[in-house]
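Structure at a glance
These are the residues of each chain, in order.
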Amino acid sequence: MKKNARIWRGAIALPCCFVTGGVAAQAEGGPPKWTVGGIGILYDSPFGAEGTSFNAFPYISYRGERFYLQGLEAGYRLLPPPQDADDLHLSLDVIVSARTLAGSSRDKFTADGGARLGLHGSFGSLTATFLQDVTDTHNGQEVSLGYSYRFTADKLTVTPGIKATWQSRKLANHMWGVTARQRDKMIEDGKDAILPVYQLTDDVINYSAELMAVYRVSNRWSVIAFGSGTYLDDKVRANPGITKKYDLTVGLGVGYSF
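Let me sum up the structure you'll find in this document. (Residues numbered from 1 in each chain as written. Predicted model: local features only at pLDDT ≥ 70, side-chain atom pairs only at ≥ 80, totals over all residues. Heavy atoms only, no water.)

1. Observations regarding the overall build of the protein
Defined as follows: The way it works is that DSSP assigns letters per residue, a run of H or I at least four long becomes a helix, a run of E at least two long becomes a strand, and they are numbered from the N terminus. It only takes one pair of heavy atoms within 4.5 Å for two residues to be counted as in contact. The Shrake-Rupley method, run with a 1.4 Å probe, gives the accessible areas here. Residue values count only the displayed protein chains as cover.
The secondary structure content of the protein amounts to four helices and 13 strands. Contacts in the protein between residues at least 24 apart in sequence constitute 58% of all its contacts with a sequence separation of at least 6. For the protein, the computed accessible surface area is about 12,300 Å², with 60% contributed by carbon and sulfur atoms.

So this is what it looks like as C-alpha cells:
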C-alpha cells in the first residue's frame, strides 16, 4: 500500500502543474489530442519519519473540444477557449479530481468535485477553484486562487505559477492530521514510519509555487519537467510528526501526442 500511495500521489502531481494555472486544459485549443508517456516523481514528505521517495509510472491525458483528462483529473469545459489563446477570455470547467493524503503512511484515496473559473489573456492566467469531497469521507472543502504566466521560446515553454489554497477544518484535518485509528493501523501493518496522533481544530491556508517546462523534441514527442512546493500553514506544522515547512514534488517525463 505504501508504494501504491506514492504512485497515486505522483499521478496527481502532474495534472496539478498542468491544470492549476490553466496551462493545458483551459488555454490550448486545436483538435482533440491524446498524450501517453512515462513519468518519474521525486517526493519529499513533510513528515520527517517518511523522508524522500521516488517512483516511475505511465501517464495518459486527453484534450478534446470540451472534455479533458489530465492524469487523475477530468473536466468538462462549459466555456471553451477561443482559437487565439492570447485573446482575453473566461473559462469555466466542471471538474472531478482525485486526492491523496500527504506522505505515504496513511494510505487514503478520495475524490473531489467542483468548478474552476479562469481569466486568460496576454497577461497570463488567473484561476479560482472550488472543490468539495464527494466520497463522504471528510466532507471538507477547498478554495484556491492561482496565477501563472507562460513563456515560449522556439520549442521550449516554461510556465511558473503561484497559488494560495484555503482548506476547511474537516479537509485540513483529513490531509494533515493523524487519528488514533490510523496510528494503530500503521503499527499493525508494520509501517516504517509511525506518526503521532494529531488533530487540527481550525481551517488552514497554504501557499504554493509551481514550475513546468515543456520541450517539444518533435511534433509528437515532448520532454516535461515540473516541480511544486507548498509552504505549510503554521497550524499544519504544529503537528509533531511534520518536521518540514514544505511539501515538495519534482518530476521528469516524456510524452507522445497523437
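2. Description of the environment of Y231
When you line up the elements, Y231 lands in strand β12 (residues 221-231). Once the C-alpha coordinates of Y231 and S208 are considered, the two residues, 23 residues apart in sequence, prove to be 6.1 Å apart. Discounting residues that sit within four places of it in the chain, Y231 has contacts with N206, Y207, R237, K245 and Y246.

3. Regarding the environment of D234
How we decide: Each residue is placed in one exposure class: buried if its accessible area under a 1.4 Å probe, protein chains only, is under 20% of its type's maximum, exposed if it is over 50%, and partly exposed if it falls in between.
Positionally, D234 belongs in helix α4 (residues 234-237). Relative accessible area serves as the criterion here: at 48%, D234 is assigned to the partly exposed category. On a C-alpha basis, the gap between D234 and K245 in space is 8.5 Å, while along the polypeptide they are 11 residues apart.

4. Overview of the pairing of strand β7 (residues 124-133)
Convention followed: Pairing between strands is defined by DSSP: at least two bridges between them are needed.
Where strand β6 (residues 109-121) lies against β7, 10 bridges are found, and the strand directions are antiparallel. When the sheet's bridge partners are listed, G113 is paired in β7 with Q132. Linking β6 to β7, which pair antiparallel, is a turn of two residues. Relative to strand β8 (residues 141-148), β7 runs antiparallel, the two sharing eight bridges. Bridge pairing in β8 links T127 to G146.

5. So, unusual backbone geometry
Glycine aside, residues mostly have negative phi angles, and peptide bonds mostly take the trans form. A positive phi angle, close to 60°, is found at D136, a residue other than glycine. The topology assignment puts D136 in the loop between β7 and β8. At D154, a position not held by glycine, the phi torsion is positive, near 60°. Relative to the assigned elements, D154 resides in the loop between β9 (151-153) and β10 (156-167). Overall, D154 belongs to the exposed group, its relative accessible area being 75%.

6. Some points on the nonpolar core
Just so we agree on the cut-off: Residues belong to one nonpolar core when they are buried, are Ala, Val, Leu, Ile, Met, Phe, Trp, Tyr or Cys, and are joined through side-chain atoms within 4.5 Å.
Membership of the largest hydrophobic core comes to 17 residues, with the highest contact counts inside it found for F47, W176, L200, V236 and I242. The element that contributes the greatest number of residues to this core is helix α2 (residues 169-176), accounting for four residues. Excluding anything up to four places from it in sequence, I242 contacts P46, F47, W176, L232, V236 and R237. Counting eight residues, the second largest nonpolar core, distinct from the first, contains I41, F57, V214 and F226.

7. What about α2?
Burial analysis of α2 places six of its eight residues in the buried class, the great majority of the element. Buried residues of α2: L171, A172, N173, H174, M175 and W176, and no others.

8. Some points on the pattern of salt bridges
We count it as follows: For this document, the term salt bridge refers to a Lys or Arg side-chain nitrogen within 4 Å of an Asp or Glu carboxyl oxygen.
Under the counting rule described, the total for this entry stands at seven salt bridges. The salt bridge involving E73 is made with R116; its shortest N-O contact spans 3.1 Å. A residue pair is termed long-range when its members are at least 10 positions apart, and E73 in strand β4 (residues 73-79) and R116 in strand β6 qualify at 43 residues. Among the residues examined, R116 registers a relative accessible area of 5% and is labelled buried. When the shortest N-O distance is used, the salt bridge between D233 and K235 registers 3.4 Å. The network of salt bridges with common partners includes R99, D112 and E142.

9. Regarding the pairing of β10
Residue alternation in β10 divides its side chains into a buried set, T157, T159, G161, K163, T165 and Q167, and an unburied set, L156, V158, P160, I162, A164 and W166. In terms of strand pairing, β9 meets β10 through three bridges, oriented antiparallel. By the bridge assignment for β10, F151 is matched with V158. The hairpin turn running from β9 into β10, its antiparallel successor, is two residues long, and D154 in that turn takes a positive phi close to 60°. As defined by bridge partners, β10 adjoins strand β11 (residues 204-216) across 12 bridges and the pair is classed as antiparallel.

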